[in-house]
Amino acid sequence: MKFKGLTAQQVAENREKYGSNALTHIPQDPLWKKFVSGLADPMLVILLVALAIQFILVLLKRTEWYEPLGVLIAILVADGVSAASEYRQEGKASALKAEEEAKETTKLIRDGELREEHVGSVVVGDIVLLQAGDKIPADGEIIDGVIKVDQAVLNGETEEAEKRPKQNGETVDTRDLLNASYIYRGTVVCSGEAFMEVAEVGDKTLFGRLALEVQEGTRATPLQVKLGDLAKKITVFGYLGASSIVIGIIAKTLLGGALLPDLGSWLTLLLNAVAVAVTIIVCAVPEGLPMLTSILLSLQSIRMAKDNVLVRKINGLETAGSINLLLCDKTGTITEGRLSVAGMATGGAESFESLEDVPELARDIKIGIGLNNGAAISGSSAIGGNSTDRALLDFIIAGGAAGELPECRRLGSEAFDSAKKYSSITLENEGKTETFIKGAPEKILEICDKFIDKNGELSDFTDKSRVTGYIDAQASRSMRLLAVAKREISQSENGYTLICIVCIRDNVRADAADAIREVSEAGVHVVMITGDRKETAVAIARDSGLIRCESDVVLTSAGLAEKSDDELKAILPELRVVARALPSDKSRLVRVAQELDMVVGMTGDGVNDSPALKKADVGFAMGSGTEVAKAAGDITILDDRFLSIDRAILYGRTMFKSIRKFLIFQLTVNVAAVLTCFLGPIIGKGGEYNVIMTVVQLLLVNIVMDSLAAIAYGSEPALPEFMKEKPVQRSASIVSREMLSQILTSALYITAASLSILFVPQIRSLFGDAGVTYLKSALFATFMMSITFNGFNARTTHINIFKGLGKNRNFLIVMLSIILFQFLFVTFGGKALAVESLSLEAWGICLLLSLFVIPVDIARKLLVRALGKKG
């Protein structure tokens, strides 16, 4: 054997000195730790305060044991569902990654023997045998042989790089992926055979550094920011409400002239006030919100899967709807991600697109590009060879029956020669011995004296200006050009006949231009980032509609590096393309945009994209990409199409609108509950009137009702009209002014309607000579039915509350279910819910009081519109 490799002792020494080839994985937090950290949520903190007070009241026998139990269950459910959902998602990703790594092996030489070992066992100094199809296990230098390597995993480009041993005195810049002799972990050998000596392993490889960077933390999503701000406001609202009720009850006693005789009486009054304050706290907090956000996001994720969009991290879904800058990879997203024949032309510059267009030329073309080819046809696809050879065979296969290769006896062939710049094959073709060549047009045109036109007629090739003009035009569109020619062996070496010029390119996807236009109209600024050269990038950007006017800016990586962050921020609105991009360029663009408070989306498929995918607010990983990229991304685009990114943005916006609708519904409940429980004791005569609705009743409303409501709003359809709106700014409040007016209007009516049963004689008399518990049961029923009917108000801004309801049948099913639960709670709740069963007549009165919430909100909408027109 030519190489001896390392001995077992040297392997152990090198592993100790340079480390192993295993990649570091930051372990996921255990479930208990996620649960504990979730308790820091401001809304759960206020509930913990309420729980502590309730526990003390139980010890003092001032409340029932099941009330603090209800609060505890609410905390456990709200925090537990969120923590379990996040833990499960992370666990799935870790399991997939471990499964992939367990399958990776490589061929290396040790103690003079060739053996197959797991990639993790490779050490610095190992000699590795590389053959076509192998994934390179570490970074190192070629020491023998020549191979071509697909480095798309690192630079995102389809062009293969040739790697060979270093020449005498030659220096290698390992930062340049296109260097001649250094190869990188994760890249794939396309052809040839070589031996490499390992120089870097594990986290020190380029692949390893990028993979480690991917595991760093990310900033909060726009929804998390908005909900965090809302949680703080709700917390303040709850504390103020609780403090006010304590002060109010004591002030009412003093102002009423009722001086309590002893300290025990004052203590009893204070404990009663605190019990009411706890109720106010429970009223103010939307306990189900952390859990319900997960439910909403999960429902939408299931629907998105049908459109080839897989949500790996549920927070990425809502963020997709808020992005206003999309940094998009060129290869495989805007383009098809593979080379294909874009067109052909004869020596007379007559262009054509398929073999059926030129039946007289078809046989020669199939020989010239099909038999003179390093790839092979297997079934209905091309395998082996390089990307150019596969593209040529794919063109022939696309011809159907016309794509069958001619039967010819091969006499000899020569692979591509860098000096001649063409490959050749000699064979017997219809009784003649001919040589076909394929290669650089500038070389082949020099040795051609004839050409064949589209009709198969042979012509002298004296005027080459037309075909060279065609070549120049296609080169300006960044086409990769090949010339195909032939000659009979009896002819002179320069007596070739030109068959055709072939144009090859990674074409723009058919639906990319329309999708880019729709995303742009939706207020999302798209910037294409590519490792390709500037001319190619500009051509693709023009064809896809990214570049539309002279003011659009195109930069190379070098040009980007010359600009300061402030200069980059200034030109960012006009930036359309970054060519020859490095991984660091992508991360810098994400950082600079986020400093402008923009919500940044990033697409990619290679390891080179992973750091930026991780740092972006939402990362779109391509389904055909690497596992590292998928792990870094929030959303995986299964079909790699830009159109699916467009759909993901639409679903994200639908999600955000659904959350806003749900918040109108839930915050109306909370505000109405606070007002009802606050005003009741103030208006009432004390005693039974101190607790209008119990803690357990309110927890049922917040958890059971709101959970069902989340399903209803989570089923709202994704409407194309949402893509006509601009993105909601990251700093914008999740509760808009119009939402606030709707919440307050409906909450005031629900409060008035509910309290009227206890305190308005005309309404109270409708229930006959009923006791306070019976009236409070009617109040509870009215309250629940009012919030149910208000759900119809919350789902639309239109006057017609039934508009579009047919597209969301789940909404009707859920609302009917809520009404059924209300009936069951009041009828069978008994002592646990502090209710009595109502008569049919009483239910009718409650129903009428509740229904009026709908016309009240319609009146508000009409008033808002009228004021808007005047403004």
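Summary of the structure given here.

Thresholds, definitions, all that
Residues numbered from 1 in each chain as written. Predicted model: local features only at pLDDT ≥ 70, side-chain atom pairs only at ≥ 80, totals over all residues. Heavy atoms only, no water. Core = buried A, V, L, I, M, F, W, Y, C linked by side-chain atoms within 4.5 Å. Buried < 20%, exposed > 50% of the residue type's maximum accessible area, 1.4 Å probe, protein only. Helix = DSSP H or I, 4+ residues; strand = E, 2+ residues; numbered from the N terminus. Contact = heavy atoms within 4.5 Å. 1 Å grid on protein atoms, 1.4 Å probe; cavity = no way out; pocket = protein on both sides within 12 Å on 5 of 7 lines; lining within 4 Å. Points joined across faces, edges and corners; volume = space filled by probe spheres on them. Nonpolar A, V, L, I, M, F, W, Y, C, P; charged D, E, K, R; others polar. Pairing = 2+ DSSP bridges. Axes fitted to C-alpha atoms, helices over the stretch in contact; angles between N-to-C directions. Phe/Tyr/Trp six-rings, centres within 6.5 Å; stacked < 30°, edge-to-face > 60°.

### Re the nonpolar core
- Ranked by internal contacts, the top residues of the largest apolar core, which has 135 residues, are Ile334, Phe620, Phe642, Met693, Phe767, Phe783 and Leu838.
- Top contributing element to this core by residue count: helix α23 (residues 642-683), with 20 residues.
- Each residue touching Leu838, except ones within four places of it in the same chain, is listed here: Tyr774, Ser777, Ala778, Ala781, Val826, Trp843 and Cys846.
- Of all hydrophobic cores here, the second largest spans 30 residues; its members include Ala362, Leu427, Ile452 and Ile499.

### A few points about empty space enclosed by the protein
- As enumerated under the stated definition, the model contains one cavity of 30 Å³ or more in all.
- Computed from the structure, the largest cavity encloses a volume of approximately 40 Å³.
- What lines the largest cavity is Val691, Ile692, Met693, Thr694, Gln697, Lys776, Ser777, Ala834 and Val835.
- Taken together, the residues of the lining of the largest cavity break down into five nonpolar, three polar and one charged.

### A short note on the sheet that holds strand β22 (residues 553-556)
- Ordered in space as β8-β26-β25-β24-β9-β21-β23-β22, the eight strands form an open sheet in which the pairing is mixed. Taken across any chain shown, the strands that pair with only one partner, and hence form the sheet edges, are β8 (309-311) and β22. For this sheet, the mean angle separating the axes of adjacent strands, direction not counted, is 20 degrees.
- Both strand β9 (residues 325-329) and strand β21 (residues 525-529) contribute to a ladder of five bridges, which runs parallel. In the strand pairing of β21, Leu326 is matched with Val526.

### A word on the pairing of strand β20 (residues 496-505)
- Here β20 lies mainly inside the structure; 10 of its 10 residues are buried.
- By the bridge criterion, five bridges tie strand β10 (residues 340-345) to β20 in an arrangement that is antiparallel. Looking at the pairing, Ala345 lines up with Ile501 of β20.
- Relative to β20, strand β17 (residues 448-452) runs parallel, the two being bridged by three bridges. In the sheet register, Lys450 faces β20, and the bridge partner there is Thr497.
- Relative to β20, strand β19 (residues 480-488) runs antiparallel, the two sharing seven bridges. Note on β20: the bridge partner recorded for Ala483 is Ile501.

### Some details on the packing of aromatic side chains
- Inspection of the entire model under this criterion finds nine aromatic pairs.
- Plain terms: the ring middles of Phe3 and Phe195 are 5.1 Å apart, the flat faces sit at 55 degrees to each other, and that makes the pair tilted. Taken as a pair, Phe3 in the segment before α1 (8-18) and Phe195 in strand β7 (residues 188-200) lie far apart in primary sequence, 192 residues in all.
- Using a relative accessible area of 17% as the deciding quantity, one classes Phe3 as buried.

### Things to note about unusual backbone geometry
- In this structure, Asp111 takes a positive phi of about 55 degrees despite not being glycine.
- Of note, Asp111 is situated in the loop between β1 (105-110) and β2 (113-118).
- Its relative accessible area of 43% is what places Asp111 among the partly exposed residues.

Read these as layout, nothing more, since geometry by itself doesn't imply function.
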